[in-house]
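Here's the letter readout for the chains.
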Amino acid sequence: MPKKKYAIDEKTEAMCSTCDTESAHTVVTVTKLGQITKMVCDVCESVSTFKSGVKTSIGMSSKSGSPYDRTRKYRKGQAMLHSTFGQGEVTAVIEPQKIDVLFGDQTRRLIHAQA
Ligand SMILES: [Zn+2]
């Protein structure tokens, strides 16, 4: 199967291990042959790198989101890892700086986007 050539800043749909879904990504670096070596998820901004065509994630295991960071802006569907509550997923953005996050079977209201 011929491989598509990519260019830096090109948008592409790819599986994101943090979002756990196909999402739009922006190509950050490519090889001379136009193969993606690094791209960033437009949704959660996690960086994915590729070696020999195999996707590897930096700094986090698949499925577990990034550590919860109150200064970060979250969107519905994003995964996070909370130091107290563990693995969670944003179920709703309540107010510009409040989100509902489902941890296991409990929903917690957290703040986000705090500068
Ligand atoms: Zn993502």
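Cut-offs applied
- Residues numbered from 1 in each chain as written.
- Predicted model: local features only at pLDDT ≥ 70, side-chain atom pairs only at ≥ 80, totals over all residues.
- Heavy atoms only, no water.
- Helix = DSSP H or I, 4+ residues; strand = E, 2+ residues; numbered from the N terminus.
- Contact = heavy atoms within 4.5 Å.
- Areas by Shrake-Rupley, 256 points an atom, 1.4 Å probe, with all protein chains shown as cover.
- Pairing = 2+ DSSP bridges.
- Buried < 20%, exposed > 50% of the residue type's maximum accessible area, 1.4 Å probe, protein only.
- Core = buried A, V, L, I, M, F, W, Y, C linked by side-chain atoms within 4.5 Å.

Asks: Please give an account of the overall build of the protein chain that cites residues and values.
Replies: A count of helical and extended segments in the protein chain gives zero helices and ten strands. Put simply, the protein chain runs from its N terminus to its C terminus through helices and strands in the order β-β-β-β-β-β-β-β-β-β. Within the protein chain, contacts between residues separated by at least 24 positions form 24% of all contacts whose residues are at least 6 apart in sequence. Accessible surface computed for the protein chain: about 7300 Å², of which carbon and sulfur atoms make up 55%.

Asks: I'd like to hear about the environment of glycine 86, residue by residue, with values.
Replies: The topology assignment puts glycine 86 in strand β8 (residues 86-95). Each C-alpha atom, one on glycine 86 and one on phenylalanine 103, is 6.8 Å from the other, the two residues being 17 residues apart in sequence. Among all residues touching glycine 86, those that are not within four sequence positions of it are Met80, Leu81 and Phe103.

Asks: Before we move on, can you summarise the pairing of strand β2 (residues 21-30) with the specific residues and values?
Replies: Bridge count for strand β1 (residues 11-16) against β2 is six bridges, and the pairing is antiparallel. Opposite alanine 14, over in β2, you have serine 23 as the bridge partner. Counting the residues between successive antiparallel strands, the hairpin from β1 to β2 contains four residues, one of them, aspartate 20, with a positive phi of roughly 60 degrees. Taken together, the five bridges between β2 and strand β3 (residues 36-41) define a ladder with antiparallel strand orientation. From the neighbouring strand, valine 27 faces β3, where its bridge partner is methionine 39. The turn linking β2 back onto β3 is made up of five residues, and glycine 34 within it adopts a positive phi angle of 80 degrees.

Asks: Describe unusual backbone geometry, naming the residues involved and giving the relevant values.
Replies: Of note, the phi angle at aspartate 9 is positive, near 80 degrees, even though the residue is not glycine. For aspartate 9, a relative accessible area of 57% gives the class exposed. Positive phi outside glycine occurs at aspartate 20, with the angle close to 60 degrees. As for its position among the elements, aspartate 20 is in the loop between β1 and β2.

Asks: Tell me what's going on with the nonpolar core, and back it up with residues and numbers.
Replies: Listed in full, the seven residues of the largest apolar core are Tyr74, Met80, Val90, Ile99, Val101, Phe103 and Leu110. Discounting chain neighbours no more than four positions away, the residues touching valine 101 are Met80, Gly88, Glu89, Val90, Thr91, Gln106, Thr107, Arg108 and Leu110.

Everything listed here is a matter of geometry and, on its own, says nothing about what the molecule does.
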